[in-house]
Amino acid sequence: MIRDVAMIMRFAVLLCAEDTDYVKKKYGGYLGVFLRMLAEEGELWDVFHVASGNFPDEKQTQLYDGFVITGSCNDAHGDDAWIIELLNLVNKLDSMNKKILGVCFGHQILARALGGKVGRALSGWDIGVRTINFSPSTKMFTRLEMPVALSLIECHRDEVHELPSEVEVLAWSDKTRVEVFRYGDHIMGVQGHPEYTKDILLHLIDKLLQRNLIEEPYAVKARANIEEMEPDREPWKELCTTFLKGRLDYEINHNPNMVKDNVINHNPIMVIDSVINHNPIMVKDNEINHNASLVKIM
């Protein structure tokens, strides 16, 4: 039985990339990739293809507890109409104190919307599995018992160059000065791809090579790196879900009302595809964790 809708946490994925045939077939598209990392039982998820001009309207933005901005092959420092609209949406969500998690392109969009500067990375492409170093003084990571460093999949050639003084840099790497940042308790950006698997990254390397965006020697080096290192996917999943779903707020405020019973009741996740037909799609928990064909219409 589905619980009262008023008790269900609702989230929206702002999809900024086109699905490749490989990702669509194996994971149900990038929406499926993010659901595998973030979705939990008893939640309601929606997707808006913002790169195609499909944005939530003012009433819809009120419905969601949090938003996720994905990666993209576009430049976050560009001025395409949909990118400008996305920046305006971020500013609106910020004023509403909505939770926003930005990944890669989404990370850069958040930085730009907050008044920072983004552009081409001074050291060029970063593709592979990289060690990310966390600030030891950040209380957020102390509460989560996070290690001082975690490995993370990276695939980007743009980066955040500057951030306003009120934005806190939480992590960095030997390649990128701003790997993770936080603004207040409601906005967090992650430059890498905690949602990616190694096979997705290998697929993207092939695509970049085919489009002459990288050269063969670099691709060979990146593949070797992927073979040698493993991303710490579970700790990144914990960090992202804990932030997005306000569990850090719960730990800080000790508010019992923040605790959801979704684990106890074993309710299915409801996923709404706003682009197709607005009909609910039921996703069972085992499909999120194990099956390749993630989304099944019941």
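Residues numbered from 1 in each chain as written. Predicted model: local features only at pLDDT ≥ 70, side-chain atom pairs only at ≥ 80, totals over all residues. Heavy atoms only, no water.

A. Inspection of the overall build of the protein chain at higher detail. The helix and strand inventory of the protein chain stands at twelve helices and 13 strands. By the burial criterion, 54% of the 298 residues in the protein chain qualify as buried. Within the protein chain, residue pairs in contact and separated by at least 24 positions form 73% of the contacts whose partners lie at least 6 positions apart. As presented, the protein chain carries roughly 13800 Å² of accessible surface, and 51% of it is formed by carbon and sulfur atoms. (Helix = DSSP H or I, 4+ residues; strand = E, 2+ residues; numbered from the N terminus. Buried < 20%, exposed > 50% of the residue type's maximum accessible area, 1.4 Å probe, protein only. Contact = heavy atoms within 4.5 Å. Areas by Shrake-Rupley, 256 points an atom, 1.4 Å probe, with all protein chains shown as cover.)

B. Local environment of the confidence of the model for the protein chain. Of the residues in the protein chain, 78% have a pLDDT of 70 or more, and the chain-wide mean is 84. Across residues 250–298 the pLDDT falls below 50, and counting only partners more than four positions away or on other chains, this stretch makes 104 contacts in the model. (pLDDT = per-residue confidence, 0-100.)

C. Just the state of the cysteines, in detail. Going through the model one piece at a time under the given rule, you end up with zero disulfides. Cysteine C104 shares no disulfide, and the gap to the nearest cysteine sulfur, in C155, comes to 6.9 Å. Take C155: its relative accessible area is 12%, and that puts it in the buried class. (Disulfide = S-S within 2.5 Å.)

D. Representation of the side chain of D158 within the structure. Relative to the helices and strands, D158 is located in strand β8 (residues 158–162). Owing to a relative accessible area of 4%, D158 belongs among the buried residues under this scheme. Here the side chain of D158 touches R120 through a polar contact of 2.6 Å, side chain to side chain. (Polar contact = N/O pair within 3.5 Å; in protein donor to acceptor, adjacent residues only side chain to side chain.)

E. View of the packing of aromatic side chains. Applying the stated criterion to the full structure yields five aromatic pairs. Geometrically, the ring pair formed by F134 and W236 is tilted, given 5.5 Å between the ring centres and 45 degrees between the ring planes. Of this pair, F134 sits in strand β6 (residues 126–134) while W236 sits in helix α9 (residues 233–244), and the two are 102 residues apart along the sequence. Just as F134 is buried, W236 falls in that class too. (Phe/Tyr/Trp six-rings, centres within 6.5 Å; stacked < 30°, edge-to-face > 60°.)

F. View of the pattern of salt bridges. Evaluated as defined, the whole model comprises 14 salt bridges. A salt bridge links R130 to D126; its shortest N-O distance comes to 3.0 Å. A salt bridge links R223 to E216, with the shortest nitrogen-to-oxygen separation between them at 3.7 Å. Looking at R223, the relative accessible area reads 25%, which means it is partly exposed. Exposure remark for E216: the relative accessible area of 41% places this residue in the partly exposed category. The network of salt bridges with common partners includes E40, E43, K245 and R247. (Salt bridge = Lys/Arg side-chain N within 4 Å of Asp/Glu carboxyl O.)

G. Seen up close, the nonpolar core. The biggest cluster of nonpolar side chains holds 52 residues, and the ones touching the most others in it are L38, W45, L101, I127 and W236. Per element, the largest residue contribution to this core is seven residues, and it comes from helix α2 (residues 29–38). Excluding its chain neighbours within four sequence positions, the residues that come into contact with I127 are E154, C155, L201, I205, L208, I214, Y218 and A222. (Core = buried A, V, L, I, M, F, W, Y, C linked by side-chain atoms within 4.5 Å.)

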